[in-house]
Amino acid sequence: MVEDEGRTHRGIDEIRAWRSGTPLVSYEITDVEQTPAGTVVTATISGDFPGSPFAGLRFRFEEYDDTRIRRLRIAPGAGAGRPLRRGPGRWLPWPA
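Everything numeric in this text was worked out from a predicted model, so none of it was measured.

Enquirer: Any details on the overall build of the protein? Residues and values, ideally.
Expert: Across its full length, the protein holds one helix and eight strands. When the helices and strands of the protein are read in sequence order from the N terminus, they spell out β-β-α-β-β-β-β-β-β. The contacts in the protein between residues at least 6 apart in sequence include a share of 23% that link residues at least 24 apart. Here the protein has roughly 6800 Å² of accessible surface; of this, 53% comes from carbon and sulfur atoms.

See below:
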């Protein structure tokens, strides 16, 4: 099951259809946190979409083992989506 942009996709066919309709992006992992509910990976994504790059997107992996992920929730974290500028080797928030 994948939750993304307020929609839930269940089963391999729905997940494949969701993924094929999602633009190709690059991911820069900025944090990984182990929580009681699962693993949360925070990333900056960039690609050919409005608002790129987008910082602070959180991928919460729940109910997973070595063979499969049973639940993935994708949502912006606190302060996500602030405009970014390219810094030396990484993306930096624009000054407020």
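Enquirer: Outline the pattern of salt bridges, supporting the account with residue identities and numerical values.
Expert: Side chains that differ in sign of charge can pair as their charged atoms come close. Evaluation of the coordinates by the stated rule reveals six salt bridges. In this structure, the salt-bridge partner of Arg71 is Glu62, at a minimum N-O distance of 3.7 Å. By relative accessible area, which is 21% here, Arg71 ends up partly exposed.

Enquirer: I'd like a rundown of the nonpolar core, residues and numbers included.
Expert: Ranked by size, the top nonpolar core spans ten residues in total: Val2, Trp18, Val41, Ala43, Ile45, Phe49, Leu57, Phe59, Leu72 and Ile74. At the level of secondary structure, the elements contributing two or more residues to this core comprise strand S4 (38–47), strand S5 (54–64) and strand S6 (69–76). The dominant element in this core, judged by the number of residues it contributes, is S4, at three residues. With residues near it in sequence (within four places) discarded, Leu72 still touches Met1, Val2, Glu3, Phe59, Arg60 and Phe61.

Enquirer: If you had to explain the side chain of His9 to someone new, which residues and values would you point to?
Expert: Looking at where His9 falls in the secondary structure, it is placed in strand S2 (residues 7–9). Those residues within four positions of His9 in sequence are excluded, and the remaining contacts are Met1, Val2, Asp4, Glu14, Ile15 and Trp18.

Enquirer: Requested: an account of the pairing of strand S3 (residues 25–35), with residues and values cited.
Expert: Within a regular strand, side chains alternate between the sheet's two faces. The sheet contact formed by S3 and S4 spans ten bridges and is antiparallel. Directly across from Val32, in S4, lies its bridge partner Val41. In textbook terms, the turn of a hairpin is the stretch between consecutive antiparallel strands, and for S3 and S4 this stretch comprises two residues.

Enquirer: Account for the sheet that holds strand S1 (residues 2–4), with residues named and values stated.
Expert: Here six strands make up an open sheet; going across it, the order is S2-S1-S6-S5-S4-S3 and the pairing mixed. Both edges of this open sheet fall to S2 and S3, since each of them pairs with a single strand only. Ignoring strand direction, the axes of neighbouring strands in this sheet form an average angle of 20°. Along the sheet, helix H1 (residues 11–20) contacts S1, S2, S3 and S6; its crossing angle with S2, the most-contacted strand, is approximately 125°.

Rules behind the numbers
- Residues numbered from 1 in each chain as written.
- Predicted model: local features only at pLDDT ≥ 70, side-chain atom pairs only at ≥ 80, totals over all residues.
- Heavy atoms only, no water.
- Helix = DSSP H or I, 4+ residues; strand = E, 2+ residues; numbered from the N terminus.
- Contact = heavy atoms within 4.5 Å.
- Areas by Shrake-Rupley, 256 points an atom, 1.4 Å probe, with all protein chains shown as cover.
- Salt bridge = Lys/Arg side-chain N within 4 Å of Asp/Glu carboxyl O.
- Buried < 20%, exposed > 50% of the residue type's maximum accessible area, 1.4 Å probe, protein only.
- Core = buried A, V, L, I, M, F, W, Y, C linked by side-chain atoms within 4.5 Å.
- Pairing = 2+ DSSP bridges.
- Axes fitted to C-alpha atoms, helices over the stretch in contact; angles between N-to-C directions.

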